[in-house]
Amino acid sequence: MENSALGQYAILLGLTLGTVGFVLCLYAVARAIARTRAEPGKDVPATAGSLARDPVWVRYHARYYGYALLFLSFDMEMAFMYPWSVVYRKEGLVALLDMGVFLAILFLGLLYGWSQGALRRQ
Amino acid sequence: MMHGARTGMRTGLRRLIAGAMARDLCAFVVPGSDVARARGLDLARAGLHLAATPRHANVLLVVGTLPPDLRDAATVAYAQMPRPRAILALGADTLAPLPAADATGPLTQVGLVAALADLRRVVANGAFAAKVTDFDAPALQTRIEYTCPMHPEVISDEPGNCPICGMTLMPKEASASSPAAHQPKQSAPAHQPPAVAHAAHGHSTHTAAETPAQYTCPMHLEVISDEPGNCPKCGMFLVPVDAKPVGHSGHDHHDHHDHHDHSKHVATETPTQYTCPMHPEVISDEPGSCPKCGMFLVPVEAKPEDHSGHDHDGHAGHEGHAGHSGGPAIDGIEPHFMSMVNLTRDMPASADGLKMEWIEVPFGPFFPGLPGGLGLTLTLDGDAIAETRVQSLVGGSIAADGLTPAEFVERFADQSPLCRVANRQLACLALENAASVAPDARTATARAAAVERERIASHLGWLASFAAQTGLVWMERRAAAKQLSIQAAPVDQIAANAASLRAFLHRVRKTPLLRAKLAGNGRIGEGKPVVGPVARAQGVQSDARAGDWVYDALGFQVVTGTGGDALARLHQRCDEINQSLELIARAKELSVPEPQNIGTVTGQGQATVETPRGAAHLVVELLGGKLVTATYRPPSAAHIDLLADLIQAQEIADALVAVGSLDLSPWGLPA
Amino acid sequence: MSIAILLLTLTLGAYFIAVIEGWAVHGRFSLTRPALSAVALFGRESLLARTPDRLFFEAAPVLLLVAGLLAVAVIPLAPGLIIADLATGALFLNAALAYVLVALIMAGWGPNGGYAMIGGWRFLGQFIAYAMLIVMPITAVAMRAESLSTTMIVTSQADLWNVFYQPLGFVLFVLAAMGLAWLPPLDLPNAPGDLAGGVEAEYTGVRLAVLRLARMVIILALAGAIVTFYLGGWLGPWLPGWAWSVIKMLVVTTVMLTTGRLVPRVREADLLAAGWKLGIPLALANIFLVGVIALVVDI
């Protein structure tokens, strides 16, 4: 087994490219079996027996944007927590307190958002 | 010869694949698995998997004869199935737009199993064929309609001008046979701009050039051309760009500080002149049409300030766009900049105040979990319902003129496959009422027991549909199996299975998180005309069986619930199943209603029967022993009208559960 | 060489997951049905919608498969039996599985169809609900192991499995994993009853085969992650390590595939509310608890 990180990432890159190649081979096999026929009505997205030809690429009214904004802040926090968790035991109580303060502030932000009605279907 | 085969020689690998396909049949049921179950077909036991969408199916299973509208919808579903595809028709007289069935059989379980074996042979041999023809049908054709880009509710079959604003109509694709294409949407006019014409509304990206010899489109400011012509995006005539050497780059418009008030920005001072809202350089002394875009000219209003000789071409070009006004100019922001607030000014707002675009998505007639044949079209605002349009594709009344009573009973029962016994009872009672003949107590009790047995089967079928909607596969399997076993069972078998049925219902009610899914969903307000279990779940004591001497003799009491939401309706139907089991046990005898000999009678008769979905009413007129007219009021007629209000602004999953909880039967409704 | 063994094990594992899912859905245990379905899918037409976003539509199944395989690549079946023993394995797992979201939104947007698009955006809402509940339990596990390497995380459980040490994190991680793999009751993007197939509906033929394979691989990766992080990986008496890994992964997969179907599909509003009002505070409490215990006790 490769021990260097670069070697490992090279293996993963090879895995990725191999997967893409594998999928392309599958597509080639399927194409060799028979070709797709274009017929009227077949290429309209299936909607339970009616034909709906209008495009649906519109501005979608997502209702969870309150959650999404809070998610951004928590995601940024998690980026800090990864390295922190690795050195946590070595650093001891100081680490707990430092991150505890950080998490507490974020948690207060969550509570504030909750109280203002961000955590609901808009 | 399979019509739905793929092109290829049947050798080697293809033979293997065809064999695999024959053993892995996946069916899309038309009109729906609820109808298949009501007809006594046990698809799971026959080894057929069901698909939620025609894309994942390779067999179109047609159950019974379909009305013409439904056949068109089935044609669409068949056309959307990937090849190789087959049709299995059970008990269907004609399939007209669809090609001939690859396997047929009678509408029984035995017929299904035999036809399925035939079908497997056909698929294994015919999945790949040398010569294949395309499948075409009128329902799949498109035609070009003409619509106004600013007023999408204006639709015409020929090119012309919009009657509201005068603009030249643009071509748009639509279904050749869609009747709904000409119904205007009920919302505000400009809420749904065609994606083509407005997709690139570059209100903040326009890069108008500095030289006067360039032309731009009033609606697409990023389109710049060196010579006059037509905008490639919407077809409007290009107008010269403002010749002023100002910093149009980005939003730097400090030089335009004298453009303060654009809202009435016109190029003339006398009030009796007319101009085009989109082309202010067009000035005329009398009303008419703009020579450039066809819009009606509007009178000009004089403005005392801001007339230092500006060339306004292209600047006020957005005045008069419903929903596209440029709005007042603001220092530092270029005048063509249209904020989202202005762009969406006339669009209807959602509950949270945002104005997003709506899409129209059909949810019928073959949607899994919903009653088959119900044509539901929802306009969605994100994933919430904005508008509803519902139509029954299996409606219409039967022509009763000249039928004998026996024929009429059969036809009337077949009209609604979901409640055939109740309809038979209804027809028999109406005919007997016309002849002033009453059946004896024993026959009446046996008939009532048959109606109750069907009520159990119908509610179990509803439970299976509900489970299909919410993903509870175990409940769907068990409810379907129990429905099929009880549908044609004699009294002693019903009694033997009663205990396990009650245990099943107990387990259904105890499903974890059921309350979270259903509580508060689908509440109908007080005072609305509801019938059947929907009404009783609200606490309304409405049951056609109360006061009927047959049921009184069996000790019938009206069962009601509280809450009136989807959870209450589920409990109500479970309670009614339990009650029907008791009624059958007390009746001890069961026989399907058969028409008695009423002789040659002339007159009118009527009857009301509590079908599983509510009270149904039938009025018949007889002349010399033969039918003249029959007027049928099905129970779901009242509920269909309540649908739009019921699911307004609900999330799509909740809305579909609410629609399902009403247990609509589109059969026999006015089309 | 070991990579080949691992990929073979992966294929067999994915096949067994398909068998188990077929049993959960249809009530019948059939060992050959997934193979028949796969072969049949090759023979079916692979359709393309009329005005698709071709790049998104084609890329989504491939991206899903790549994400799943990259996630599987850091799961250890036995000491040394791992495709890539990264020092940041747990983080890499999370990063690879984040592409599931990208792939599903691409699958939703691509075919330009109503059901698919709604399914895709619903999955984004689901992602916002479960994403933190994947990461925070991993953090707590890494705190105990003092490392993000999956092998180190398993060896750190030699005395006590994390499922007993951090049961709260275990429960949250399993639920979030079911959301990530869009298993019922959290199958909002492809809800058969709500959206008639949703994001999966427009895929047919060989593309559908790749999509289903990718989903099996993702479920396998998540089962492997649960086993690695909480159930002690290859640790166990008598049997060799890889056998324990495989057995545990199969048990976890069966539980995930079957217990979820006993409950109706969760409403999106309920899912988001539960994830953020209940899940995040519990996950933070879990981190705090583990932090205190890890400082005090030495296992």
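Asker: So, the overall build of chain C: which residues are in play, and what are the values?
Answerer: Within chain C, the regular secondary structure consists of 13 helices and zero strands. Reading chain C from its N terminus to its C terminus gives the helix and strand order α-α-α-α-α-α-α-α-α-α-α-α-α. Its C-alpha atoms put chain C at 60 × 45 × 35 Å along the principal axes. Counting across all 299 residues of chain C, residues that qualify as buried make up 68%. Considering only intrachain contacts with a sequence separation of at least 6, the fraction spanning at least 24 residues in chain C is 77%. Here chain C has roughly 9,100 Å² of accessible surface; of this, 77% comes from carbon and sulfur atoms. The averaged location of the 14 negative side-chain charges in chain C is 9 Å from the averaged location of its 15 positive side-chain charges.

Asker: Mind laying out the interface of chain B and chain A, listing which residues take part and the relevant values?
Answerer: Across the boundary between the two partners, chain B contributes 52 residues, which contact 33 residues of chain A. Summing both partners gives a buried area of about 3,500 Å² for chain B against chain A, and 50% of it is carried by carbon and sulfur. Contact with chain A buries area across many residues of chain B, yet Q80, E357 and P362 of chain B alone supply 14% of it, more than any other trio. Seen at the junction of chain B and chain A, the total is six salt bridges. The closest approach of N and O atoms between E39 of chain A and R83 of chain B, which form a salt bridge, is 2.7 Å.

Asker: Please set out the sheet that holds strand β16 (residues 298-299) of chain B residue by residue, giving values where relevant.
Answerer: Residues and elements named next belong to chain B. Here we have three strands laid out as an open sheet, ordered β15-β14-β16, and antiparallel in their pairing. Each edge of the sheet is formed by a strand with only one pairing partner; in this case those strands are β15 (283-284) and β16. Here two bridges tie strand β14 (residues 274-275) to β15, and the two strands are oriented antiparallel to one another. Bridge assignment links T275 to a residue of β15, and that residue is I283.

Asker: I'd love a proper account of the environment of A68 of chain A, names of residues and values included.
Answerer: Residue placement: A68 of chain A occurs in helix α2 (residues 65-91). In sequence terms A68 of chain A and L111 of chain A are 43 residues apart; their C-alpha atoms lie 15 Å from each other.

Asker: Describe helix α13 (residues 268-296) of chain C, and please don't skip the residues or the numbers.
Answerer: Within an α-helix, residues lying three or four positions from one another point in the same direction, as the helix has 3.6 residues per turn. For α13 of chain C, spanning 29 residues, the distance from its first C-alpha to its last is 40 Å, which sits close to the expected 42 Å at 1.5 Å a residue. Considering bend angle alone, the principal kink of α13 of chain C is centred on G279 of chain C and spans about 40 degrees; proline P281 of chain C follows within four residues of it.

Asker: Which residues make up the sheet that holds strand β2 (residues 26-30) of chain B, and what are the values?
Answerer: Residues and elements named next belong to chain B. Reading across from one edge, β3-β2-β4-β5-β6 is the order of the five strands in this open sheet, with parallel pairing throughout. With one partner strand each, in any of the chains shown, β3 (49-50) and β6 (103-105) form the two edges of the open sheet. Where strand β5 (residues 86-90) meets β6, three bridges bridge the pair, whose relative direction is parallel. Within β6, the position partnered with L88 by the bridge is A103. The strands touched by helix α4 (residues 109-126) within the sheet are β4 (59-63), β5 and β6, with β5 carrying the most contacts at an inclination of about 160 degrees.

Asker: Lay out the nonpolar core with the relevant residues and their values.
Answerer: Core analysis: the biggest nonpolar cluster contains 240 residues, and F363 of chain B together with F229 and W276 of chain C have the highest contact counts within it. Ranked by residue count, the leading element in this core is helix α5 (residues 114-145) of chain C, at 22 residues. Not counting residues within four places of it along the chain, the set of residues in contact with F229 of chain C comprises A90, L93, I138, V141, T150, I153, Q157, N162 and F173 of chain C. If you look at the next biggest cluster of nonpolar residues, it comprises 31 residues, including L460, L463, M475 and C574 of chain B.

Asker: Break down the pairing of β4 of chain B for me, with residues and values.
Answerer: All names here are of chain B. The buried fraction of β4 is high, at five of five residues. The two faces of β4 match: V59, L61 and V63 on one face and L60 and V62 on the other face are all buried. In this sheet, β4 lies alongside β2 in parallel orientation, the contact comprising four bridges. Pairing of V29 across the sheet is with L61, part of β4. Of the strand pairs in this sheet, β4 and β5 are connected by five bridges, and their pairing is parallel. In the strand pairing of β5, V62 is matched with A89. Handedness of the crossover is the feature at issue here: the chain leaves β4, passes through helix α3 (residues 68-79), returns alongside β5, and the resulting connection is right-handed.

Asker: Explain a nonpolar patch on the surface to me, and be specific about the residues and the numbers.
Answerer: On the surface, a nonpolar cluster with roughly 860 Å² of combined accessible area is contributed by L93 and L97 of chain A together with F288, L289, V292, I293, L295, V296, V297 and I299 of chain C. Going through the elements one at a time, α3 (93-115) of chain A together with α13 of chain C are the ones with two or more residues in the nonpolar patch. Position of L295 of chain C among the secondary structure elements: in helix α13. Classification of L295 of chain C by relative accessible area gives partly exposed; the value is 30%.

Asker: Describe the pattern of salt bridges, and please don't skip the residues or the numbers.
Answerer: According to the stated counting rule, one finds 39 salt bridges over all chains in the structure shown. Close ionic contact of E45 of chain C with K42 of chain A constitutes a salt bridge, the shortest N to O distance being 2.5 Å. Highlighted residues: E45 of chain C in the loop between α2 (33-42) and α3 (54-72) and K42 of chain A in the loop between α1 (5-33) and β1 (46-47), drawn from two different chains. Residue E45 of chain C is classed as buried on the basis of its relative accessible area, which comes to 1%.

Asker: Give a description of the packing of helix α10 (residues 473-487) of chain B against helix α11 (residues 491-509) of chain B that names residues and reports values.
Answerer: Residue and element names in this part refer to chain B. The interhelical angle for the contact between α10 and α11, taken along N-to-C directions, is 160 degrees, at an axis separation of 11 Å. Relative to α11, α10 is oriented roughly antiparallel. Note that α10 runs across α11; the crossing there is left-handed. Of α11, the residues touching α10 (which contributes W474, M475, R478, A479, K482, S485 and I486) are Q493, I494, S500, L501, F504, R507 and V508. Of the residues that constitute the contact of α10 with α11, the class distribution is eight nonpolar, three polar and three charged.

Asker: Any chance you could break down the interface of chain A and chain C for me, citing the residues and the numbers?
Answerer: Facing the 58 residues of chain A at the interface are 81 residues of chain C. Here chain A packs against chain C, burying approximately 6,100 Å² in sum over the two surfaces, 74% of which is carbon and sulfur. The largest per-residue losses of area from chain A upon contact with chain C belong to W57, Y82 and R89 of chain A, which jointly make up 15% of the total buried on that side. The interface formed by chain A and chain C holds one salt bridge in total. The interface formed by chain A and chain C contains 16 residue pairs in polar contact (both at pLDDT 80 or more).

Asker: If you had to explain the packing of helix α7 (residues 405-415) of chain B against helix α8 (residues 420-434) of chain B to someone new, which residues and values would you point to?
Answerer: All names here are of chain B. As a packed pair, α7 and α8 sit with axes 8 Å apart at the nearest point and diverge in direction by 150 degrees. In terms of axis orientation, α7 runs roughly antiparallel to α8. In this structure, the crossing between α7 and α8 has a hand that is right-handed. In contact with P405, F408, V409, E410, F412, A413 and D414 of α7, α8 contributes R420, N423, R424, L426, A427, C428 and L431. Residue composition of the contact of α7 with α8, grouped by class: nine nonpolar, one polar and four charged.

Asker: Now, about the side chain of Q126 of chain C: what can you tell me, with residues and values included?
Answerer: Note on placement: Q126 of chain C falls in helix α5. Those residues within four positions of Q126 of chain C in sequence are excluded, and the remaining contacts are G179, W182, L186, L188, P189, E268 and L271 of chain C.

Asker: Quick rundown of the confidence of the model for chain B? Include the residues and the values.
Answerer: Residue and element names in this part refer to chain B. Mean pLDDT for chain B: 81, with 82% of residues reaching 70 or above. In this model residues 178-211 is a low-confidence stretch, pLDDT under 50, and it forms 73 contacts with partners more than four residues away in sequence or in other chains. Here residues 302-327 scores under 50 on pLDDT; set against residues more than four positions off or in separate chains, the count is 78 contacts.

Asker: I'd like to hear about α4 of chain B, residue by residue, with values.
Answerer: Residue and element names in this part refer to chain B. Here α4 spans 25 Å end to end across 18 residues, near enough to the 26 Å set by a 1.5 Å rise per residue. Residues of α4 that are buried: Q109, G111, L112, A115, L116, L119, V123, A124 and G126. Buried positions along α4 lie against α1 (12-23), β4, β5, β6 and β7 (128-129).

Here is what the cut-offs are and how they apply
Residues numbered from 1 in each chain as written. Chains lettered and ligands numbered in written order. Predicted model: local features only at pLDDT ≥ 70, side-chain atom pairs only at ≥ 80, totals over all residues. Heavy atoms only, no water. Helix = DSSP H or I, 4+ residues; strand = E, 2+ residues; numbered from the N terminus. Buried < 20%, exposed > 50% of the residue type's maximum accessible area, 1.4 Å probe, protein only. Contact = heavy atoms within 4.5 Å. Areas by Shrake-Rupley, 256 points an atom, 1.4 Å probe, with all protein chains shown as cover. Lys, Arg positive; Asp, Glu negative; His and termini not counted. Charge placed at Lys NZ, Arg CZ, Asp CG, Glu CD. Buried area = accessible area lost by both parts, 1.4 Å probe. Salt bridge = Lys/Arg side-chain N within 4 Å of Asp/Glu carboxyl O. Pairing = 2+ DSSP bridges. Expected span 1.5 Å × (residues − 1). Bend = angle between axes of the 7 residues up to and from the residue. Axes fitted to C-alpha atoms, helices over the stretch in contact; angles between N-to-C directions. Core = buried A, V, L, I, M, F, W, Y, C linked by side-chain atoms within 4.5 Å. Right-handed = clockwise from strand over helix to strand, strands pointing away. Patch = residues over 30% accessible without salt bridge, like charges linked within 9 Å, V, L, I, M, F, W, Y side chains within 5 Å. Parallel < 35°, antiparallel > 145°, perpendicular 65-115°, else oblique. Left-handed = near helix turned anticlockwise from the far one by under 90°. Nonpolar A, V, L, I, M, F, W, Y, C, P; charged D, E, K, R; others polar. Polar contact = N/O pair within 3.5 Å; in protein donor to acceptor, adjacent residues only side chain to side chain. pLDDT = per-residue confidence, 0-100.

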